[in-house]
Amino acid sequence: MTETDLVPVFDGHNDTLLRLYQSKDTDVEKLFIEGKSGGHIDLPRAKAGGFAGGMFAIFPPPVEKSRRSAVPLAPSAAEPLPPEVPRNDALSSTIAMASILFRLERAGALTVCRSAGDVRGAMAQGSIAAVFHIEGVEAIDPELTMLDVLHAAGLRSLGIVWSRPNAFGHGVPFRFPSSPDTGPGLTDAGKALVKACNQLKIMIDLSHLNEKGFRDVAALSDAPLVATHSNVHAICGHSRNLTDWQLGAIRESGGMVGLNFATGFLREDGRMNADTSLDIMVRHVDSLLQALGEDGVGLGSDFDGAMIPAVIGDVAGLPKLLDALAARGFGRALIEKIAYRNWLGMLEKTIG
């Protein structure tokens, strides 16, 4: 018996809905429940890996390119921002992926959770606890009328941008080496969105947001600062990672960061290379713990949205990371905090 036996994992970010949407399979419920080949998350592998739930992201993909092809294969310090996505295209894909989420719920594959209590209840019943999250809010109009509709449907978490500009702010381009100081801050509509999210109890995700936008959220928001799937810039100098001052601001707010498994945001050389060890992941966790404390660190895998270390492979490999933390000397209580307890506490503070 290992230190991590029976530890469930609540994960800060996955792109499984995008994978199902882009599969063009007419029976995505069967695809997810039966666990056909491909991707990182399905029901059989989730059960095998102790995956108890997480933020299920809806990402409006580029109109002409796939999600994966929008991310450069090799590090570049001059990578441009991907182009904006027209609102009508984003609205169409967002609604389609939301439909997939609710179809999975009707099929009994997961439970859509609108509160921390819902998450705890789903986990207690052995059902995957899915929080409706949007990554890049191009589907929302600057007047925020669609925000009300999506919130009523179950939206409880959103990232204002993906790594591209929209009506609300600017994301960071995929640059390495680079600081996240890559463009202007939030627009007036973006600032209004932050206030509206606070009022509606929608958690704001800072992952993909540039430095000036981050500063704007920190100045405006009355909620803890959260980056659901980001790593440590001092270890991997990618624009997507968090600098020391950003980590300090998150800690000061009582916020939290989820470790991103994407190899290009883990490795010191910034390369997307599946031959990436668990040691570098543990090193990021150690650094996050030093910066944020034991209550400020979780997991944010980016499953189905990134190249992850081959040693983990997919969601069934989650226990390997937890075992690596145990081998480093992390006790059961701390591993449970990182695996799921910290996310549950953060959801209580943000979505209620």
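First things first, this report covers the structure right here in the doc. All of these numbers come straight from a predicted model, not from anything done at the bench.

**Remarks on helix H12 (residues 318–327)**
For H12, every residue scored as buried is listed here: Leu 318, Leu 321, Leu 322, Ala 324 and Leu 325. One side of H12 carries all its buried residues, which in axial view fall inside an arc of 155°. At the C-terminal side of H12, Gly 329 shows a positive phi close to 105°.

**Structural notes on the packing of helix H9 (residues 244–252) against helix H11 (residues 278–292)**
For the pair H9 and H11, the least separation of the axes is 9 Å and the interaxial angle reads 55°. Taken together, the axis directions place H9 and H11 in an arrangement best described as oblique. Judged by residue contacts, Leu 247, Ile 250 and Arg 251 of H9 engage Leu 288, Gln 290, Ala 291 and Leu 292 from H11. A breakdown of the residues in the contact of H9 with H11 according to their chemical character gives five nonpolar, one polar and one charged.

**What to know about the pairing of strand S5 (residues 155–159)**
The element S5 is extensively covered by neighbouring structure, given that five of its five residues are classed as buried. For strand S4 (residues 129–135) and S5, the ladder comprises four bridges, and the chain directions are parallel. Each residue of the ladder has a partner; that of His 133, found in S5, is Ser 157. With helix H6 (residues 145–153) bridging S4 and the parallel S5, this β-α-β connection has right-handed handedness. Note on the crossover from S5 through helix H7 (residues 188–200) to strand S6 (residues 203–205): the handedness is right-handed.

**Description of the nonpolar core**
Most often, soluble globular proteins keep nonpolar side chains buried together rather than apart. In this structure, Leu 158, Ile 160 and Phe 261 are the most contacted members of the largest nonpolar core, which totals 112 residues. Phe 261 has contacts with Leu 266, Met 281, Leu 299, Gly 300, Ser 301, Phe 303, Met 307, Ile 308, Pro 309, Ile 312, Leu 318 and Leu 321, leaving out every residue within four places of it along the chain.

**Brief notes about unusual backbone geometry**
The peptide bond linking Phe 176 to Pro 177 adopts the cis configuration, its omega dihedral lying at -5°. Structurally, Pro 177 is set in the loop between S5 and H7. One non-glycine residue, His 208, adopts positive backbone phi at about 80°. The topology assignment puts His 208 in the loop between S6 and helix H8 (211–220).

Conventions and cut-offs
- Residues numbered from 1 in each chain as written.
- Predicted model: local features only at pLDDT ≥ 70, side-chain atom pairs only at ≥ 80, totals over all residues.
- Heavy atoms only, no water.
- Buried < 20%, exposed > 50% of the residue type's maximum accessible area, 1.4 Å probe, protein only.
- Helix = DSSP H or I, 4+ residues; strand = E, 2+ residues; numbered from the N terminus.
- Arc of directions from axis to C-beta.
- Axes fitted to C-alpha atoms, helices over the stretch in contact; angles between N-to-C directions.
- Parallel < 35°, antiparallel > 145°, perpendicular 65-115°, else oblique.
- Contact = heavy atoms within 4.5 Å.
- Nonpolar A, V, L, I, M, F, W, Y, C, P; charged D, E, K, R; others polar.
- Pairing = 2+ DSSP bridges.
- Right-handed = clockwise from strand over helix to strand, strands pointing away.
- Core = buried A, V, L, I, M, F, W, Y, C linked by side-chain atoms within 4.5 Å.

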